[in-house]
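# Understanding the architecture of this molecule
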2 protein chains.
Amino acid sequence: MKLPPLVQAFVLHFGEMGSRWGINRTVGQIYALLYVSPDPLNAEQIVEALGVSRSNVSMGLKELQAWNLAIPKHIPDDRRDHFTTPDDVWQILRTLAEERKKREVDPTLSVLRELLMQTPGSEEERHAQERMAEMHALIEQLTTWYDDVKRLETERLAALLALGARVTRLLEAKDRVVGLVRGKKEG
Amino acid sequence: MKLPPLVQAFVLHFGEMGSRWGINRTVGQIYALLYVSPDPLNAEQIVEALGVSRSNVSMGLKELQAWNLAIPKHIPDDRRDHFTTPDDVWQILRTLAEERKKREVDPTLSVLRELLMQTPGSEEERHAQERMAEMHALIEQLTTWYDDVKRLETERLAALLALGARVTRLLEAKDRVVGLVRGKKEG
DNA sequence: CCGATATTTCAGAAATTCCTGAAATGTCGG
DNA sequence: CCGACATTTCAGGAATTTCTGAAATATCGG
């Protein structure tokens, strides 16, 4: 691997973290490389930069495309496919959230739904189902919130994040106002 | 593995999902089993229920304890350790978020900070560092929000979730009110 | 301190995942 | 249709992770 030290450190880190993120080392490294690269890269360039096999790069790119984290970019007068990552980090965040939800949450949600349909055949099963219902309710609430929030434009989303827990103050303020208005009407 | 069908299906699912969640099959299965079990279980009972080796269960329990997802429960007049999962699903959510952040986000944040301190030695490195700065800023913003929100009591947190994207309406309403008040003062 | 029981450690076997090189397939200009 | 190049597929070897059984360690009542 021959890369500027800064880039190399970044790429190696993504390789190492790969296993924790549920991707393999090469995929992590390819992503990191594309992310910091000023221009789209073709497979051969990635092979040279990372020192891995051509076929490994091919598979890695395929996986990144499946995640929508690598996008092919056509370069005029060049037959080879070139790839970049989406450049807006907020878009990357959305993509990551969407894909992880799809892979890590949705299957469980669907299994839970299925199991909750069944009739328990014993007290033990009844209790288990109750616990599954709790888990199901929580996941439903989270995904509903997520489906809602993901539609916000980036600017609003950022504003919401910046506000953080202070939104609750706003909620309280709202409640007070509502209380006031009710008081007026009724009083 | 001899378990009621409902429980078995749940346990097997968690085992299968394990790899996507960054834990191994046995750990997933142990967690699932403890989660739906009405009473704390000891290692031997887990061995019987799952049909895996005693040592595997021992290691699995150790890992779950490191995640704060299995807690030892002393049963009077019994030397053996018994385990449960935290029973409040919201608490489980908090624990999961905290642990995943610690394992999957913090290391990257710290690497990014370090790399951003360095002086780029080329235009390529300068550009890379710029991209890293974008990523760093996003992660900082997310973790700041998270650190903020995680302190909320469950009830408020749930309220916030239930509100979803509608908080933005509240934000707009607030802006209007502020505008009104300003108008009054100034007019 | 002893014996009984519970738990942990750990080396190596088993299973899984990752990576490679070779061959197959695809795609383009001429 | 051919030749040149680009990409993908895939069998099997390499690396890593998971799991087991045996041995070591820990803990308790007596």
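These numbers come from a predicted model, not from an experiment. (Residues numbered from 1 in each chain as written. Chains lettered and ligands numbered in written order. Predicted model: local features only at pLDDT ≥ 70, side-chain atom pairs only at ≥ 80, totals over all residues. Heavy atoms only, no water.)

### Quick look at the overall build of chain A
A count of helices and strands for chain A gives eight helices and three strands. Against the globule reference of 16 Å for 187 residues, chain A gives a C-alpha radius of gyration of 24 Å, more extended than a compact globule. If you line up chain A on its principal axes, its C-alpha atoms span 75 × 55 × 30 Å. Burial status across chain A gives 45% buried among its 187 residues. With an accessible surface of roughly 10300 Å², chain A has 53% of that area assigned to carbon and sulfur atoms. (Helix = DSSP H or I, 4+ residues; strand = E, 2+ residues; numbered from the N terminus. Rg over C-alpha atoms; globule rule 2.2 N^0.38 Å. Buried < 20%, exposed > 50% of the residue type's maximum accessible area, 1.4 Å probe, protein only. Areas by Shrake-Rupley, 256 points an atom, 1.4 Å probe, with all protein chains shown as cover.)

### Observations regarding the relation of the copies chain B and chain A
With an RMSD of 0.1 Å, the fit of chain B onto chain A corresponds to turning through 180° and sliding 0.0 Å along the axis. The relationship between the two copies is best expressed as a two-fold rotation axis. Within chain B, Gly22 of chain B has its C-alpha nearest the rotation axis, a separation of 3.2 Å. When the interface residues of chain B are mapped onto chain A, 100% of them are again interface residues, pointing to one common binding face. (Least-squares fit on C-alpha atoms with pLDDT ≥ 70 in both. Contact = heavy atoms within 4.5 Å.)

### Quick word on the pattern of salt bridges
Evaluated as defined, the whole model comprises 26 salt bridges over all chains. Between Asp106 of chain B and Lys101 of chain B there is a salt bridge, with the nearest N and O atoms lying 3.1 Å from each other. A residue is classified by how much of its surface remains accessible, and Lys101 of chain B, at 16% relative accessible area, is buried. Of the charged contacts, one joins Glu153 of chain B and Arg156 of chain B as a salt bridge, the two residues approaching to 3.6 Å between their closest N and O atoms. You can call Glu153 of chain B exposed: its relative accessible area is 51%. Residues joined by salt bridges that share partners form a network here, namely Arg100 and Glu104 of chain A together with Arg100 and Glu104 of chain B. (Salt bridge = Lys/Arg side-chain N within 4 Å of Asp/Glu carboxyl O.)

### Quick look at the interface of chain B and chain A
Between chain B and chain A, the residue contacts involve 62 residues of the former and 62 residues of the latter. Along the contact surface separating chain B from chain A lie two salt bridges. Its salt-bridge partner being Glu104 of chain B, residue Arg100 of chain A comes within 3.2 Å of it at the nearest N-O pair. Counting the contacts that link chain B with chain A gives 18 residue pairs in polar contact (both at pLDDT 80 or more). Taken together, the elements giving at least two residues each to the side of chain B that touches chain A come down to helix H1 (5-21), helix H2 (25-36), helix H5 (89-117), helix H6 (123-149), helix H7 (154-163) and helix H8 (167-186) of chain B. Examining the composition of the side of chain B that touches chain A, we find that 15 residues originate from one element, H6 of chain B, more than from any other. (Polar contact = N/O pair within 3.5 Å; in protein donor to acceptor, adjacent residues only side chain to side chain.)

### Focus on H1 of chain B
In a regular helix each residue adds 1.5 Å, so 17 residues correspond to 24 Å; H1 of chain B covers 24 Å between its end C-alpha atoms and thus fits that length. The largest bend in H1 of chain B is about 25°, located at Gly15 of chain B. Where H1 of chain B is concerned, the buried positions are Leu6, Val7, Phe10, Val11, His13, Phe14, Gly15, Met17, Gly18 and Trp21 of chain B. In this fold, the buried residues of H1 of chain B make contact with helix H5 (89-117) and helix H6 (123-149) of chain A together with H2 and helix H3 (43-50) of chain B. Gly22 of chain B sits one or two positions beyond H1 of chain B and adopts a positive phi of about 80°. (Expected span 1.5 Å × (residues − 1). Bend = angle between axes of the 7 residues up to and from the residue.)

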